Structure formats: structure tokens, C-alpha cells
Amino acid sequence: YVNGQYWGLFQTQERAEARYAASYFGGDSDDYDVVKSAGRVGGYVNEATDGNLDAYLRLWEFFQDGGIGDNNLEGYWQVQGMNPDGTRNPDFERLLDVDNLIDYMTITYYTSDADGPGSRFTRPRVNNYFAIFNRENPDGFKFFEHDSEHSLDTGNAAGANYNMVSPQLDDFVGTILDYFNPHWMHEQLANNNTLYRERFQDAVYNHLFNDGPLAPE
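All figures in this text were calculated on a predicted structure; none of them were measured in a lab.

Examining the sheet that holds strand S4 (residues 142-145)
- If you trace the 4 strands from one edge of the open sheet to the other, you get S2-S1-S3-S4, paired in antiparallel fashion. Only two strands of the sheet have a single neighbouring strand rather than two, namely strand S2 (46-50) and S4. On average, each strand axis in the sheet is inclined to that of its neighbour by 30°, with strand direction left out of account.
- As paired strands, strand S3 (residues 129-134) and S4 are joined by 4 bridges and run antiparallel to one another. Residue pairing in the sheet places Tyr-129 in a bridge with Glu-145 of S4.
- Its contacts with the sheet put helix H3 (residues 54-62) on strand S1 (32-37), S2, S3 and S4, and the angle it makes with S3 is roughly 100°.

Laid out in C-alpha cells, this is it:
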């Protein structure tokens, strides 16, 4: 029922796949890579359901060998396709949309989503997320919530009131491409990158206070 009117079966979430990406971000569905957890039947590892994992591998490589923390801010800017002064550099492939990652993790924290990529149920194996990347016009991987019934104190089969904000994932999780995921990326950046941490706290303030979209009112 929607406002008292019976509509039959109704799916509230569009599936974040290549056709979805083309309809919202432009181009053709063949332009896009879509990465997700293979789920229970696939062993809870990353798979490409559209395109391939090549760009995801390149993003993963940025987080290896010391990562992109304060000790490698040049790499932090480069993975965003930018020079150290924040200007766009067309010679650098834009692999990470930092603002999207921040918004994605803000929703994870706000709803206490216990079965996303940092799942309480499957970790260190990855679960329930989509990542989309445009190979033809790289604008960074963008992450999407999926299958979030274990949230807002609902459906938590292993117990309610999860604290998903405190660090959840061991460092080794992201060293394995099969398990590399946005929750781990965020924790690595939040722990090791002052610029990212400041950007995250600014976004949280804007979302949760002063009539932001997640403010109580």
C-alpha cells in the first residue's frame, strides 16, 4: 500500500547496474564497470557484473604499499585525477570520487547498516554494495547502498544497536582485492589522511545539522 492505495508488489530500489548508470550519468551501458559482492552463492568476494575489474584493480593498487595517507598526499590527489593543488590533471585517471565515498559512509553510519561491505555477518568477506565506474569518461568509482534491511535497528539477526562507526575492518582486508571495499577505504583514509578526515567531518556537519538532509527535523 502507498498512501492507502494498493499497488501490488513494489520495489523501492533501482538496481545499480550499467543500464542504471547510463540512464543517470549518461553515455552507453557498455561504458561502465559495475563491481559488487558475489554474495552467498559466489563466496562473498568482489565480482564485475558489467565490464571488468581492471579499474578497480588500479584503485586497489593506490591503497597498497603505504596507501594514500598523509605520507602520500600526492597519490591522494592523483587517485582523484588532480594535481596536489586540487586542479584537474587530464593525465591522471580519476578513480575515486571522494565526496561520494563520504556520503556513502555517512549513510552507513547514520543507519547503522550492519550488512554492507563491512558486514558484521560475513567479514572479512565483502557483502552488499555496488560500485560503478565510467571507463570512457572516468569520474571516479561511485558507491551505492544495497540490501540494507539490517539497519535502523531492524533485521539485525545477530543483535540490534550495532556500533558501525568505530573501526570495524582489519588492515589486511583491503590488501586482498577480493575483499577490497568502500568501508575499508574510508577507514584507511579516516585513520591516515588529515585532508580526508577534515572533508568527512565537514560533510557530516552539513548533513546532520542546520536543516541538513539527515537533521532530526
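Section: the pattern of salt bridges
- Summed over all chains, the structure comprises 8 salt bridges.
- Between Asp-97 and Lys-142 there is a salt bridge whose closest N-O contact spans 2.5 Å. Taken together, the residues span a long stretch of sequence, with Asp-97 in the loop between helix H4 (73-78) and helix H5 (98-111) and Lys-142 in strand S4 at a distance of 45 residues.
- Lys-142 sits in the buried class, given a relative accessible area of 13%.

Rules behind the numbers
Residues numbered from 1 in each chain as written. Predicted model: local features only at pLDDT ≥ 70, side-chain atom pairs only at ≥ 80, totals over all residues. Heavy atoms only, no water. Pairing = 2+ DSSP bridges. Helix = DSSP H or I, 4+ residues; strand = E, 2+ residues; numbered from the N terminus. Axes fitted to C-alpha atoms, helices over the stretch in contact; angles between N-to-C directions. Contact = heavy atoms within 4.5 Å. Salt bridge = Lys/Arg side-chain N within 4 Å of Asp/Glu carboxyl O. Buried < 20%, exposed > 50% of the residue type's maximum accessible area, 1.4 Å probe, protein only.

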